Amino acid sequence: MTVQQEAGVDGEALEVWIDQDLCTGDGICAQYAPEVFELDIDGLAYVKSADDELLQARGATTPVPLPLLTEVIDSAKECPGECIHVRRVSDSAEVYGPDAE
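Described in the following lines is the structure provided in the data block.

Calculation rules
- Residues numbered from 1 in each chain as written.
- Predicted model: local features only at pLDDT ≥ 70, side-chain atom pairs only at ≥ 80, totals over all residues.
- Heavy atoms only, no water.
- Core = buried A, V, L, I, M, F, W, Y, C linked by side-chain atoms within 4.5 Å.
- Buried < 20%, exposed > 50% of the residue type's maximum accessible area, 1.4 Å probe, protein only.
- Helix = DSSP H or I, 4+ residues; strand = E, 2+ residues; numbered from the N terminus.
- 1 Å grid on protein atoms, 1.4 Å probe; cavity = no way out; pocket = protein on both sides within 12 Å on 5 of 7 lines; lining within 4 Å.
- Points joined across faces, edges and corners; volume = space filled by probe spheres on them.
- Nonpolar A, V, L, I, M, F, W, Y, C, P; charged D, E, K, R; others polar.
- Salt bridge = Lys/Arg side-chain N within 4 Å of Asp/Glu carboxyl O.

Let us look at the nonpolar core. Ranked by size, the top nonpolar core spans 23 residues in total, and within it Val 16, Phe 37, Val 72, Ile 84 and Val 86 carry the most contacts. Going through the elements one at a time, strand E2 (12-18), strand E4 (45-48), helix H2 (69-78) and strand E7 (84-88) are the ones with two or more residues in this core. It is H2 that contributes the most residues to this core, four residues altogether.

Following this line, the structure appears as C-alpha cells:
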C-alpha cells in the first residue's frame, strides 16, 4: 500500500490497532470494514495487513486505507468494547477511539 492510498487527517497517514483485552467479540468492526478487521477463532477481533494477513501480535497496527476511512472511524465509534484505536503515524496521537482528545 502506498502512502497515497493510506487515509489521513490533514494529509497525515493513520494506522489502527485493537486492544484485545477490551474486545467483546461483537464483530461490528468486521461488519463495517472486513478488509481491515477480522474475528479469529478465539472470538476476538484483530487487524489485517494490506496483504490480508491476520495480525495477532499484541498492539499490531495496520494502515487505514483511504477508501475505508469512514468505515474504520465508524467501527471505532460503535465498538461496544471501546477497543479500536486510530492514530496518526507521525506522532502516535490517537485521533479516533477511547483515548482520542
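What follows covers empty space enclosed by the protein. One simple way to see leftover space: roll a probe sized like a water molecule over the atoms. Within this structure, the stated rule accounts for one cavity of 30 Å³ or more. Considered as a void within the structure, the largest cavity measures approximately 90 Å³ in volume. Looking at the largest cavity, it is lined by 14 residues, and the ones nearest its centre are Asp 26, Gly 27, Ile 28, Cys 29 and Cys 79. Grouping the constituent residues of the lining of the largest cavity by class yields nine nonpolar, four polar and one charged.

On to the pattern of salt bridges, then. All told, the structure shown has six salt bridges when counted by the stated rule. Taking the shortest distance from any N to any O, the salt bridge between Glu 12 and Arg 88 comes out at 4.0 Å. Remark: Arg 88 occurs in strand E7 and Glu 12 occurs in strand E2; sequence separation between them is 76 residues. Looking at Glu 12, the relative accessible area reads 29%, which means it is partly exposed. Where salt bridges share partners, they join Glu 12, Arg 88 and Asp 91 into one cluster.

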